[in-house]
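Summary of the model geometry
Below, each chain spelled out in residue letters.
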Amino acid sequence: MNIPANLKYTKDHEWVAIEGDVATVGITDFAQRELGDIVYVEVETLDQTLDKDEVFGTVEAVKTVSDLFLPLSGEVIEFNEGLETEPELVNTDAYGAGWMIKIKVSNVDEIADLLTDAQYKELIGA
């Protein structure tokens, strides 16, 4: 299972890449495996400012629909439009082309609450 050491993670199985005050967010390799084949990603919160742990969208797989939770407070500034036509990128490249949103982080102190790769591995028993 792929759990890159350079990323941060949430208990809700999102990964976070932080560059300055912008965070790129997606779901982990573990999460996409648990969900199965992703058929649709919906994000209707573009240009909205949300609090940490608020729902920013949903991911739909063949068997289920799951909410996506914002790992850090901030404004959703970008949606990966490639997922509109190729949602399966979440399955094939979870940490690359399958990213979901970018957030302009409003409270950098919340970054300390995210999990390291070692803590995330412990959470999922990897």
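These figures come from a predicted structure and were not determined experimentally. (Residues numbered from 1 in each chain as written. Predicted model: local features only at pLDDT ≥ 70, side-chain atom pairs only at ≥ 80, totals over all residues. Heavy atoms only, no water.)

Brief notes about the pattern of salt bridges
Under the counting rule described, the total for this entry stands at three salt bridges. With a shortest N-O distance of 2.4 Å, Asp 21 and Lys 104 are connected by a salt bridge. Of this pair, Asp 21 sits in the loop between β2 (14-19) and β3 (22-27) while Lys 104 is found in strand β9 (residues 101-105), placing the two residues 83 residues apart along the sequence. With a relative accessible area of 32%, Asp 21 lands in the partly exposed category. Judged by its relative accessible area of 39%, Lys 104 falls in the partly exposed class. Notably, a salt bridge pairs Asp 113 with Lys 52, separated by 3.3 Å at the nearest N-O pair. (Salt bridge = Lys/Arg side-chain N within 4 Å of Asp/Glu carboxyl O. Helix = DSSP H or I, 4+ residues; strand = E, 2+ residues; numbered from the N terminus. Buried < 20%, exposed > 50% of the residue type's maximum accessible area, 1.4 Å probe, protein only.)

Concerning the pairing of strand β8 (residues 74-79)
Taken together, the two bridges between strand β5 (residues 49-50) and β8 define a ladder with antiparallel strand orientation. Bridged to Leu 50 within β8 is Gly 74. By the bridge criterion, five bridges tie β8 to β9 in an arrangement that is antiparallel. Each bridged residue has a counterpart across the sheet, and for Phe 79 the counterpart in β9 is Ile 101. (Pairing = 2+ DSSP bridges.)

Some remarks on the nonpolar core
Within the largest apolar cluster, 21 residues are counted, with the highest numbers of intra-cluster contacts made by Val 41, Phe 56, Met 100 and Ile 101. Among the elements of the structure, β3, α1 (29-35), β4 (38-42), β6 (55-61), β8, α3 (89-92) and β9 are those that each provide at least two residues to this core. No other element matches β6, which puts three residues into this core. For Val 41, the residues in contact, after removing those within four places along its chain, are Thr 58, Val 59, Phe 79, Leu 83, Pro 87, Val 90 and Met 100. Ranked by size, the runner-up nonpolar core spans twelve residues in total, among them Ile 3, Leu 7, Tyr 9 and Leu 115. (Core = buried A, V, L, I, M, F, W, Y, C linked by side-chain atoms within 4.5 Å. Contact = heavy atoms within 4.5 Å.)

Observations concerning a negative patch on the surface
On the surface, a cluster of negative charge is contributed by Asp 12, Asp 51, Asp 53 and Glu 54. Along the polypeptide, Asp 51 turns up in the loop between β5 and β6. (Patch = residues over 30% accessible without salt bridge, like charges linked within 9 Å, V, L, I, M, F, W, Y side chains within 5 Å. Areas by Shrake-Rupley, 256 points an atom, 1.4 Å probe, with all protein chains shown as cover. Lys, Arg positive; Asp, Glu negative; His and termini not counted. Charge placed at Lys NZ, Arg CZ, Asp CG, Glu CD.)

A short note on the sheet that holds β2
The strand order across the open sheet formed by six strands is β1-β2-β3-β9-β8-β5, and the pairing between neighbours is antiparallel. The strands lining the two open edges of the sheet, one partner per strand, are β1 (8-9) and β5. In this sheet, β2 lies alongside β1 in antiparallel orientation, the contact comprising two bridges. Looking at β2, one finds that Lys 8 is bridged to Val 16.

Here's the deal with the sheet that holds strand β7 (residues 65-69)
With antiparallel pairing, the three strands of this open sheet are ordered in space as β4-β6-β7. This sheet does not close on itself; its edge strands, each paired only once, are β4 and β7. Within the sheet, the average angular offset between the axes of one strand and its neighbour, ignoring direction, is 25°. Examined bridge by bridge, β6 and β7 share five bridges and lie antiparallel to one another. Residue pairing for β7: Glu 60 is matched across the bridge by Val 65. (Axes fitted to C-alpha atoms, helices over the stretch in contact; angles between N-to-C directions.)

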